[in-house]
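Residue-level listing of the chains:
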Amino acid sequence: MADNAFGDFFLSDTDEDVFEDDDELISPPVVVPIVSVDAASTPTVTAAVPSPEPVPATAPPTPVAAVRPAASARQATREERLATALNDLMEDSQDIQAAALVSLDGFTMASALPDGMHEDRVGAMSAAILGLGERAAAELGRGSLSQVFIEGEGGYVMLIAAGGRAVLTCLADTDAKLGLVLYDMRAAADSMAEILG
């Protein structure tokens, strides 16, 4: 048999012994073409590999569709874990009125803010305050920034770094117990930094 695309194949006398009727047939040789492409010629077969075992004639396996795990069985996403950590902070410290986890670029990752307070503004201001605080601490020889504390007539704004990529911003009332608020914020910032990696 001759074909320009695959070349000629012949069985030798030793191969014919494999195909005698009385013998048990292990498996016929399987030709696996390895094609080399040359610009001047057509592709040719360069190797034939015998099959090691007989291949049973069965139906091809049915593809299994990817199934998304049920909500109860799946792991929580990073966003859900950050929201849970923020909710735990708000529940543990009743003095915290609002909180947000913000990236260093000013984008809000998770927030628990009252109505009328825009999370994009909180994010932008938190990033700006953190940047200014870091610069001031470095320029004045105070080392790396650990927290920023702002006191106003209506309460406090506190920012604590949550790892190297985010800042936790919290708002508290004037009669808040600041020691407990800062303690809870540090614990929450550590867990959020671990979630962020």
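Calculation rules
By convention here, each chain's residues receive numbers from 1 onward along its written sequence. Totals for whole chains, interfaces and linings use all residues, but because this is a predicted model, local features are given only for residues with pLDDT of at least 70 and pairs of side-chain atoms are given and counted only at 80 or more. Think of the side-chain values as coming from all heavy atoms in the structure, minus any hydrogens and water. Strands here mean DSSP runs of E at least two residues long; helices mean DSSP runs of H or I at least four residues long; both are numbered from the N terminus. Exposure classes here rest on a 1.4 Å probe applied to the protein chains alone. A residue is buried below 20% of its type maximum, exposed above 50%, and partly exposed in between. Here, two residues are considered to be in contact whenever any of their heavy atoms come within 4.5 Å of each other. Just to be clear on terms, a salt bridge is a Lys or Arg side-chain nitrogen sitting within 4 Å of an Asp or Glu carboxyl oxygen. The pLDDT value tells you how sure the predictor is about a given residue, anywhere from 0 up to 100. All axes here are fitted lines through C-alpha atoms, helices being fitted over the stretch that makes contact, and every angle between N-to-C directions spans 0 to 180 degrees. Working rule for angles: under 35 degrees goes down as roughly parallel, over 145 as roughly antiparallel, 65 to 115 as roughly perpendicular, anything else as oblique. Each residue is assigned to one of three groups, with Ala, Val, Leu, Ile, Met, Phe, Trp, Tyr, Cys and Pro labelled nonpolar, Asp, Glu, Lys and Arg labelled charged, and all others, Gly among them, labelled polar. Strands are treated as partners if at least two bridges between them are detected by DSSP. Among buried residues, those of type Ala, Val, Leu, Ile, Met, Phe, Trp, Tyr and Cys that are joined through side-chain atoms within 4.5 Å constitute a nonpolar core.

Novice: So what exactly am I meant to see when it comes to the overall build of the protein chain here?
Specialist: When helices and strands are counted, the protein chain shows 4 helices and 7 strands. Ordering the α and β elements of the protein chain from the N terminus gives α-β-β-α-β-β-α-β-β-β-α. Within the protein chain, the fraction of its 197 residues that count as buried is 23%. Relative to all contacts within the protein chain whose residues are 6 or more apart in sequence, the contacts with residues 24 or more apart total 45%.

Novice: How do you make sense of the pattern of salt bridges when you look at a structure like this?
Specialist: For the structure shown, the criterion picks out 1 salt bridge. Its salt-bridge partner being R135, residue E139 comes within 3.9 Å of it at the nearest N-O pair. Here the residue E139 and the residue R135 both occupy positions in helix 3 (residues 119–139), the gap between them amounting to 4 residues, near one helical turn. Assigned by exposure class, E139 and R135 land together as exposed.

Novice: How do you make sense of the confidence of the model for the protein chain when you look at a structure like this?
Specialist: Interpreting fine coordinate detail is not advised for predicted regions of low pLDDT. Looking at the protein chain, the pLDDT average stands at 77 and 63% of residues meet or exceed 70. Per-residue pLDDT stays below 50 along residues 41–49; that stretch engages in 24 contacts with residues further than four places along the chain or on separate chains.

Novice: I tried to follow the packing of helix 2 (residues 78–92) against helix 4 (residues 178–196) on my own but got confused; where do I start?
Specialist: Two quantities define a packed helix pair, namely the angle between the helix axes and the distance between the axes. Taken N-terminus to C-terminus, the directions of helix 2 and helix 4 make an angle of 175°; their axes are 10 Å apart at the nearest point. By the criterion of interaxial angle, the relationship of helix 2 to helix 4 is roughly antiparallel. Counting all contacts with helix 2, which are made through R78, R81, L82, A85, L86, L89 and D92, the residues of helix 4 involved are D184, M185, A188, S191, M192, I195 and L196. Class assignment of the residues belonging to the contact of helix 2 with helix 4 gives a composition of 9 nonpolar, 1 polar and 4 charged.

Novice: Got a minute to help me understand the environment of D88 in this structure?
Specialist: If you trace the backbone, D88 turns up in helix 2. The spatial distance from the C-alpha of D88 to the C-alpha of D184 is 9.7 Å, given a sequence separation of 96 residues.

Novice: What is the right way to read the sheet that holds strand 6 (residues 155–162) from this model?
Specialist: In sheet architecture, strand pairing relies on hydrogen bonds along the backbone and comes in two forms, parallel and antiparallel. Across the sheet, 5 strands lie side by side as 4-3-7-6-5; this open sheet has antiparallel pairing. Looking at the sheet topology across the chains shown, the edges are occupied by strand 4 (108–112) and strand 5 (147–152). Averaged over all neighbouring strand pairs, the angle between strand axes comes to 10°, with direction disregarded. Sheet strands touched by helix 2: strand 3 (96–103), strand 4 and strand 7 (166–172). Its angle to strand 3, the strand with the most contacts, is close to 155°.

Novice: Honestly, the nonpolar core in this entry has me stumped. Any pointers?
Specialist: One recurring pattern in soluble globular proteins: nonpolar side chains tend to sit buried together. Residues L89, L101, L168, M185 and M192 are the most contacted members of the largest nonpolar core, which totals 25 residues. Looking at this core, the elements that each hand over two or more residues are helix 2, strand 3, strand 6, strand 7 and helix 4. Of the residues forming this core, the biggest block, 8 residues, is contributed by helix 4. With 7 residues, the next largest nonpolar core counts V102, V122, L159 and V167 among its residues.

Novice: I'm lost on the pairing of strand 6 in this one. Help?
Specialist: Two faces, one strand: in a regular strand the side chains alternate between the faces of the sheet. Burial within strand 6 is extensive, with 6 of its 8 residues counted as buried. In terms of strand pairing, strand 5 meets strand 6 through 6 bridges, oriented antiparallel. Bridge pairing links E151 to Y156 in strand 6. Where strand 6 and strand 7 come together, 7 bridges link them in antiparallel fashion. Of the residues in strand 7, the one forming a bridge with L159 is T169.

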